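One-letter residues, chain by chain:
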Amino acid sequence: MTTQTPELVPSYIQDSWWTPTGTEGATTVLDANTGQELALVSAAGLDLADAVNHGRTVGHRELGKLTLHERALRVKEMAQYLNERRQELYEVSYKTGATQVDNMVDIDGGIGALFILSSKGRREMPNSNVVQDGPAEPLSRDGSFLGGHIYTRIPGVAAQINAFNFPVWGMLEKFAPAFIAGVPTLVKPATPTGYLSEAVVRMLVESGLLPAGSLQLVSGSARTLLDVLDYRDMVSFTGSASTADALKSHPNVVSGGIRFTAETDSLNAAILGPDAVAGTPEFDAFIKSVVTEMTVKAGQKCTAIRRAIVPAELEDDVVAALADRLTQRVVVGDPRAEGVTMGALASLDQLGDVRGAVEAMVAAGGEIAYGTLDAPRVRTASGEEQEVPDGAFMSPLLLTWTDAKAEAVHSLEAFGPVASVLGYRDLDEAVELAARGSGSLVATVCTNDGETARALTIGIAGHHGRIHILNRETARTSTGHGSPVPHLVHGGPGRAGGGEELGGVRSIKHHMQRSAIQGSPNLLTAVTGVWHTGADRVIAGAPEFGAVAGAIHPFRKSLAELRIGDAFASPLREVTLDEITDFAKTTGDTFYAHTDAAAAAANPFFPGVVAHGYLLVSWAAGLFVQPAPGPVLANYGLENLRFITPVPAGDRVRVTLTAKKITPRVTDEYGEVAWDAIIHNQDDEIVATYDVLTLVEKEDTIYQNWPGRG
């Protein structure tokens, strides 16, 4: 009988698949449920310097041919492609010990992160490769010299070193923002589950959506990776604090300028408020949350609840309720078997590490209140209940502590289905216990009392990256304690690594350099693609206010014709008391400044009865709007509205409208235009400033032949 040698998991380097010429020194990867040999992993002979150079050159060039919106759209298309093939990924993922619920967190969650980051990139960022950060600052009295900030993509690669527990989500949540930013990714998955990451990369390659050099995969050791990186590059690491410390001490990080972020160990806490006694919805939600976090991914989550911090008088109730739910809800076994709710740990090595950590915690004063360190009987793929010596299975374990401040419970992490219950006497002690984790990714505060929620949240916020407040109102809708969402930052201080991932467009900007820029309004406009006050304009409208003869009203221009700086200047319009009074009556806005001359004059801000601010904005629209159908399809809002100078009856007002920012949509036949609007009075004093937001056709086609268009 011959045994077939497992195949090597390939790397994807310089836009082609690569494997070593031999298998000497390769690591054997096993099915976590059965111990069956699945694959060999090795990167022996791989030239990492060439891979990095390929990303910096080819990858950077090809990604740079696309705008932020175009890259974000590609990410959506990748998500759609993976979504159609996710069942294939599930089949591979089962071998890691993941259940179907685990697959929803890892695979579906990773695909969901692509969808969300794609959407936010297209809705919240410009369709360009320069992102303006905040308004410009005048640096000279005459406005000829301005300063501001911009974001542009870093010139190197994003080296992403990922942990074994989330081989899909962990990769995609880092890849998506780097890709949208325009930075090539070099991903190094953890060896025990890297074959699942390789399956995802293979699908992305087959999709045809990856520009050359935009994604490379290293299957196997990459110990010399930091040797070939420099200040142009960034490293995003997820894993143990000890490994993170070793990487952070590398000379190219310490003195070479590599951007380094880490997400590491985290002894997360869930705090039960004093009001959440047995029988309340909060108590039930707390028990459910702790059990979920103990057992999803077999507790192999950096966000799992490790410490349940509860009022001392409720400790026995909590332990009993947790034990009951674990008994009723948890079936350990091969995730391919019907009814299994918790699978194996990722590897036998991981199983040994978790058992060792629990033994150390017991030696330090912990007592096992539920579960056992012995090998459990599990449900196999055939449906039988038996021990599987080669499977990485363990029982959920619940520990209690006589001394809630014992050092071990706040420093040792058993990275598996293990949690400890700790009693507190008052809220101050609850805060102290949570803080003993020395920096955590997330904590849950479970209470229906506002003052308790406030005291605990403020008390622990400085020690945590995210705080999940749970009560009866959110028990059904919450995404959960342990589920980072792409909209919010994921990371934490201290032991948790000090990094921030995700956070919507923040994660995209993590891959960009913020630079201060200084120059004239015209040159800052040229660099940013956003019109700056004082830059040149082509003005249509009233000649007395700078209009050029023959200039076309910018509302008559499609995006194909419209240019930054195209503007319209209206003539002056007189303000009458009758109009102010009529507006007050018809709207019901009879605030005294618009209706009572004596009261208005007594107010230090007003010279007497003045026009409503919204009346002035409405008049301004009447002064610049073109009534006939044309390329402007809709006004969808105002931003940054400020009223500066009151306008009494008898004054005259005018408006100047300038095309400030043009954002074509990559998926539609129209785009957004932000217009700088300024209302002046007859003395050229600024009355109001704001941005008008419109939707404009890319090509003037809808109303081109409309009768009477003009």
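Throughout, residues of each chain are indexed from 1 in the direction in which the sequence is written. This being a predicted model, a pLDDT of at least 70 is required before a residue's local features are given, and a value of 80 or more before pairs of side-chain atoms are given or counted; all residues contribute to the totals for chains, interfaces and linings. Values shown for side chains rest on all heavy atoms present in the structure; no hydrogens or waters enter the calculation.

By the naming in an unreviewed UniProt entry, the protein goes by Aldehyde dehydrogenase, PaaZ and is assigned to Arthrobacter rhombi.

Enquirer: Give a detailed account of the overall build of the protein, specifying residues and quantitative values.
Expert: Helix and strand assignments follow DSSP, with helices taken as H or I runs no shorter than four residues and strands as E runs no shorter than two, numbered in order from the N terminus. Along the backbone of the protein there are 18 helices and 31 strands. Seen along its three principal axes, the alpha-carbon backbone of the protein occupies a region of about 95 × 65 × 55 Å. Each residue is assigned to one of three classes by its accessible area relative to the maximum for its type, calculated with a 1.4 Å probe on protein chains only: buried under 20%, partly exposed between the two thresholds, exposed over 50%. Counting only residues that meet the buried cut, the protein has 54% of its 710 residues in that class. Between two residues, a contact is recorded if the distance between any of their heavy atoms is within 4.5 Å. If you take every contact in the protein between residues at least 6 apart in sequence, the share linking residues at least 24 apart comes to 75%. Note that accessible areas follow from Shrake-Rupley with a 1.4 Å probe, and for residues the cover is restricted to the protein chains shown. When the accessible surface of the protein is split by element, carbon and sulfur atoms take 50% of a total near 29900 Å². Under the counting rule used here, the positive set is Lys and Arg, the negative set is Asp and Glu, and His together with the chain ends is not counted. By convention, the charge on Lys lies at NZ, on Arg at CZ, on Asp at CG and on Glu at CD. Across the protein, the 57 positively charged side chains and the 84 negatively charged ones have centroids separated by 4 Å.

Enquirer: Requested: an account of the packing of aromatic side chains, with residues and values cited.
Expert: Pairing of aromatic side chains requires ring centres within 6.5 Å, counting the rings of Phe and Tyr and the six-membered ring of Trp. Pairs whose planes differ by under 30 degrees are stacked, by over 60 edge-to-face, and all others tilted. Overall, the coordinates contain eight aromatic pairs when judged by the stated rule. Both rings, one in Tyr12 and one in Trp17, keep their centres 4.8 Å apart while their planes meet at 55°; by these two values the pair is tilted. The class of Tyr12 is buried, set by a relative accessible area of 8%. When its relative accessible area of 29% is taken as the criterion, Trp17 is described as partly exposed.

Enquirer: Could you give me a rundown of the pairing of strand β29 (residues 652-664), with the residues and numbers involved?
Expert: Consecutive residues of a regular strand have side chains that alternate between opposite faces of the sheet. Here three bridges tie strand β26 (residues 566-569) to β29, and the two strands are oriented antiparallel to one another. Residue pairing in the sheet places Ala569 in a bridge with Thr656 of β29. A pair of strands is considered paired only if DSSP assigns at least 2 bridges between the two. Strand direction decides the pairing type here: strand β27 (residues 573-574) and β29, joined by two bridges, are antiparallel. Bridge pairing in β29 links Arg573 to Val653.

Enquirer: Got a sec to walk through unusual backbone geometry? Specific residues and values, please.
Expert: The phi dihedral of Gln14 falls on the positive side, at around 50°, and the residue is not glycine. Mapped onto the fold, Gln14 is located in the loop between β1 (11-13) and β2 (16-18). By relative accessible area, Gln14 is classed as partly exposed at 37%. The backbone of Leu502 sits at a positive phi, close to 55°, despite the residue not being glycine. Assignment of secondary structure puts Leu502 in strand β23 (residues 501-502).

Enquirer: Can you lay out the UniProt feature "domain: Aldehyde dehydrogenase" (unreviewed entry) in the protein for me, pointing to particular residues and giving the numbers?
Expert: UniProt positions are given in the numbering used here, feature names are shortened, and annotations may be inferred rather than shown by experiment. Mapped onto the present numbering, the UniProt feature "domain: Aldehyde dehydrogenase" (unreviewed entry) falls at residues 21-475. When the span residues 21-475 is considered, its composition is 38% helix and 20% strand, and the gap between its end C-alpha atoms is 54 Å.

Enquirer: Quick rundown of the confidence of the model for the protein? Include the residues and the values.
Expert: In low-pLDDT regions, the fine details of the predicted coordinates are not to be read closely. Confidence of the predictor at the level of single residues is given by pLDDT, which spans 0 to 100. Confidence in the prediction for the protein averages 92 pLDDT; 99% of positions are at 70 or higher. Looking over the protein, one finds the lowest element-wise mean pLDDT in strand β17 (residues 385-386), namely 85, and the highest in strand β10 (residues 215-217), namely 97.

Enquirer: Give me the UniProt feature "domain: MaoC-like" (unreviewed entry) in the protein: which residues, what numbers.
Expert: Sequence positions flagged by UniProt for "domain: MaoC-like" (unreviewed entry) are, in local numbering, residues 571-662. Between the C-alpha atoms that bound residues 571-662 there is a distance of 26 Å. The span itself is 32% helix and 27% strand.

Enquirer: Account for the pattern of salt bridges, naming residues and giving values.
Expert: Salt bridges are defined as contacts in which a side-chain nitrogen from Lys or Arg sits within 4 Å of a carboxyl oxygen from Asp or Glu. For the structure shown, the criterion picks out 29 salt bridges. A salt bridge links Arg202 to Glu198; the shortest N-O distance between them is 2.8 Å. With Arg202 and Glu198 both in helix α6 (residues 194-207) and four residues apart, this pair spans about one turn of that helix. On the basis of relative accessible area, Arg202 is assigned to the partly exposed category, the value being 29%.

Enquirer: Lay out the packing of helix α2 (residues 68-84) against helix α4 (residues 100-124) in plain terms, naming residues and giving numbers.
Expert: Here an angle of 0 to 180 degrees is reported between the N-to-C directions of two axes, which are lines fitted to C-alpha atoms, with helices fitted over the stretch in contact. Orientation of α2 relative to α4, taken along the N-to-C sense of each, is 155°, at an axis distance of 8 Å. By the angle between their directions, the pair α2 and α4 is classed as roughly antiparallel. Viewed along their axes, α2 and α4 form a crossing whose handedness is left-handed. Between α2 and α4, the residues in contact are His69, Ala72, Leu73, Val75, Lys76, Met78, Ala79, Gln80, Leu82 and Asn83 and Ile111, Leu114, Phe115, Ser118, Gly121 and Arg122, respectively. Residues are grouped as follows: nonpolar covers Ala, Val, Leu, Ile, Met, Phe, Trp, Tyr, Cys and Pro; charged covers Asp, Glu, Lys and Arg; every other residue, Gly included, is treated as polar. Its residues assigned to classes, the contact of α2 with α4 shows nine nonpolar, five polar and two charged. Roughly parallel covers angles under 35 degrees, roughly antiparallel covers those over 145, roughly perpendicular covers 65 to 115, and oblique covers all other angles. Note: crossing handedness is left-handed where the near helix turns anticlockwise from the far helix by less than a right angle, and right-handed where it turns clockwise.

Enquirer: Which residues make up the sheet that holds strand β18 (residues 397-401), and what values do they have?
Expert: The pairing of strands in a sheet happens through backbone hydrogen bonds and is either parallel or antiparallel. The strand order across the open sheet built from seven strands is β15-β18-β19-β14-β13-β20-β21, with neighbouring strands paired in mixed fashion. Unpaired on one side and paired on the other, β15 (366-370) and β21 (464-470) mark the two borders of the sheet. Each strand axis lies, on average, 25° off the axis of its neighbour in the sheet, ignoring direction. In this structure, β18 lies alongside strand β19 (residues 418-424), joined through four bridges in parallel fashion.

Enquirer: Could you give me a rundown of helix α10 (residues 315-329), with the residues and numbers involved?
Expert: Residue pairs spaced three or four apart in an α-helix point in one direction, given the helix's 3.6 residues per turn. The terminal C-alpha atoms of α10, which comprises 15 residues, lie 21 Å apart, in line with the 21 Å expected from a rise of 1.5 Å per residue. Those residues of α10 that sit buried are Glu315, Val318, Val319, Leu322, Ala323 and Leu326. On an axial view of α10, the arc spanned by its buried residues comes to 130°, and they lie on one face. Exposed side of α10, more than 90 degrees from the buried face: Asp316, Gln328 and Arg329 are the residues found there. Against the buried residues of α10 lie β13 (268-272), α9 (281-295), β14 (305-311), β15, β18 and β19. One fewer than the residue count of a helix, multiplied by 1.5 Å, yields its expected span. Directions pointing from the helix axis toward each C-beta atom define the arc.

Enquirer: I'd like a description of the nonpolar core, backed by residues and values.
Expert: Formed by 63 residues in total, the largest nonpolar core has its most connected members in Leu272, Phe286, Ile309 and Val318. With seven residues, α9 is the largest single contributor of residues to this core. Residues contacting Val318, with those up to four places away along its chain left out, are Leu272, Phe283, Phe286, Ile287, Val310 and Val421. For our purposes a nonpolar core is just a set of buried Ala, Val, Leu, Ile, Met, Phe, Trp, Tyr and Cys residues, chained together by side-chain atoms within 4.5 Å. By size, the runner-up hydrophobic cluster in this structure holds 48 residues, among which are Tyr151, Ala158, Phe166 and Leu502.

Enquirer: Could you give an account of the side chain of Arg307, with specific residues and numbers?
Expert: Here Arg307 is to be found in strand β14. A polar contact of 2.6 Å, which involves the side chain of Arg307, links it to the backbone oxygen of Leu267. In the analysis that follows, any N or O atom pair within 3.5 Å is treated as a polar contact, provided that within protein one partner can donate a hydrogen and the other can accept it, and provided that, for residues neighboring in sequence, both atoms belong to side chains. Among the polar contacts made by the side chain of Arg307, one reaches the side chain of His410 at a distance of 2.9 Å.

Enquirer: Tell me about the domain arrangement of the protein, and name the residues and values.
Expert: How big an interface is tends to be reported as the loss of accessible area on association of its parts. Each domain's limits were defined by an automated method or a database of domain assignments. Taken domain by domain, the protein holds domain 1 (5-261), domain 2 (268-480) and domain 3 (536-695). Domain 1 and domain 2 are separated by 31 Å when their C-alpha centres are compared. Taken together, the contact between domain 1 and domain 2 spans 20 residues of the former and 23 residues of the latter. Buried area: the sum, over both parts, of the accessible surface (1.4 Å probe) that disappears when the two are put together. Summed over both sides, the interface between domain 1 and domain 2 buries roughly 1600 Å², with carbon and sulfur atoms accounting for 60% of that surface. Where domain 1 touches domain 2, the interface holds one salt bridge. Linking Arg336 and Asp31 is a salt bridge whose minimum nitrogen-to-oxygen distance equals 3.0 Å. When the residues that make up the side of domain 1 that touches domain 2 are grouped by side-chain class, the tally is eight nonpolar, eight polar and four charged.

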